[in-house]
Structures are given as structure tokens and as C-alpha cells.
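Structure at a glance
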Amino acid sequence: MELYKMAEVEKLNAAIQANESNKKYKTGEPEEKNGLGKDSFLKLLVTELRHQDPTRPMEDKEFIAQMAQFSSLEQITNLNKEMKNLVQSSKSAEAYSILGRDIEAYDPKQQKTIIGTVNSVFYKGDEIMISVGKDQISMADIHSVNIRERSN
């Protein structure tokens, strides 16, 4: 029985792929949580092309399949970004819609209930906050919103 021995190029390619995976799981690419991101995918593809055996180049079907996968990954990444923008826009619209309304909220930092009229809406980092008098409250801490009755 003859054992299969890896060629030097195959060993190098496997080592590069292993290093890429190790780097990703230790530090992670910015928008990656699970699986390969488009940067990793491109690095692997370029590495594969660079280290392929010239006497046995990658077949057209394989290359086209990999490029289609990359294109799909790119589209899914762009869709994900747009969905995040849509969610953020929706949250902003929700916050702006309660301007001038009476709310009741519980502020866990101050450990007190806050009741009053929403004066302003602002961002604190990525979080949407509101002001009620001198108090600043996260949108997540609001329990109820009431329409103010207008007097004529």
C-alpha cells in the first residue's frame, strides 16, 4: 500500500490556509463572526491560483464556481449592510416619533422611574437616547408612551 505524499506546493498551500484560519479565529475580521469573509475568500483563491501546479491548472468549471461563490458572498455582505442600515433607520424613526410625547421609563443606572415629556433624541455611540428634562434614557428603557392631550 502506497501512502500519498503531499507535494511541496500542496504543503505550502495547506499551511497558508491553516494560518489564515488561525488568524481569523484569534482576531477575527471586522465584519466576520462565522465562516469566511470576502477578504479571506479572495486571499485563499489568490493563494490557490498562485500555488497551483502549472501542469494541472484549475479547471474552468472550478474557477467559475469559486468566482460565483465570491460574487454571492459579496452580494450577501452588501445585503447585510443594507439591512443593518434599515434597522438603524427604523429605530431612529421610532425615536423621533415620540418627541413631545409623555413617556414612562425606568433608568437602571439611577434606579428610578422617570416620567415626563421627551425633549430631544440623540445618539450616544450607536445607541439611541432620549432626554426627559435633565435625564437621559436609552430607548430600550421606555415602558410606555402617551399622547399629550392638547388644551385649546
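Please read these numbers as outputs of a predicted model, since none were measured by experiment. (Residues numbered from 1 in each chain as written. Predicted model: local features only at pLDDT ≥ 70, side-chain atom pairs only at ≥ 80, totals over all residues. Heavy atoms only, no water.)

**Some thoughts on the overall build of the protein**
Filter applied, for reference: Here a helix means four or more residues in a row that DSSP labels H or I, a strand means two or more in a row labelled E, and each is numbered from the N terminus. Relative accessibility thresholds used throughout: buried, under 20% of the residue-type maximum; exposed, over 50%; partly exposed, between the two (1.4 Å probe, protein chains only). Contact between two residues is taken to exist if any of their heavy atoms lie within 4.5 Å; hydrogens are not considered. The Shrake-Rupley method, run with a 1.4 Å probe sphere, supplies the accessible areas, and residue values consider only the shown protein chains as cover.
Per the secondary structure count, the protein includes 3 helices and 5 strands. Helices and strands appear in the protein in the N-to-C order α-α-α-β-β-β-β-β. The buried share of the protein, taken over its 152 residues, is 25%. Long-range contacts, defined here as pairs at least 24 residues apart, represent 43% of the contacts in the protein between residues at least 6 apart. Accessible surface computed for the protein: about 11,800 Å², of which carbon and sulfur atoms make up 53%.

**Focus: the side chain of Ser 92**
Mapped onto the fold, Ser 92 is located in helix H3 (residues 60-96). Judged by its relative accessible area of 11%, Ser 92 falls in the buried class. In contact with Ser 92, other than residues within four places in its own chain, are Tyr 123 and Ile 128.

**Some details on the pattern of salt bridges**
Rules: Here, a salt bridge means any side-chain nitrogen of Lys or Arg that lies within 4 Å of a carboxyl oxygen of Asp or Glu.
Applying the stated rule across the entire model yields 1 salt bridge. Residue Lys 112 is joined to Asp 135 by a salt bridge in which the shortest nitrogen-to-oxygen separation is 3.7 Å. In this pair, Lys 112 sits in strand E2 (residues 112-124) while Asp 135 sits in strand E4 (residues 135-138), placing the two residues 23 residues apart along the sequence. Under the relative-accessibility criterion, Lys 112 is labelled partly exposed at 34%. Relative accessible area serves as the criterion here: at 16%, Asp 135 is assigned to the buried category.

**Re the pairing of E4**
Operational definition: Whether two strands pair depends on DSSP finding at least two bridges between them.
Direction of pairing for strand E3 (residues 127-132) relative to E4: antiparallel, over a ladder of 4 bridges. Bridging from a neighbouring strand, Ser 131 pairs with Gln 136 of E4. Counting the residues between successive antiparallel strands, the hairpin from E3 to E4 contains 2 residues, one of them, Gly 133, with a positive phi of roughly 65 degrees.

**Considerations on the sheet that holds E4**
Where we set the bar: Helix axes use the C-alpha atoms of the stretch in contact, all axes being lines fitted to C-alpha atoms, and the angles between their N-to-C directions lie in the range 0 to 180 degrees.
Taken in spatial order, the 5 strands of this open sheet run E4-E3-E2-E1-E5, and their pairing is antiparallel. Single-partner strands in this sheet number two, and they are E4 and strand E5 (142-146). Neighbouring strand axes in the sheet, compared pairwise and without regard to direction, differ in orientation by 45 degrees on average. In this structure, strand E1 (residues 102-107) lies alongside E2, joined through 6 bridges in antiparallel fashion. Pairing of Ile 103 across the sheet is with Gly 116, part of E2.

So yeah, pure geometry; function would need other evidence.
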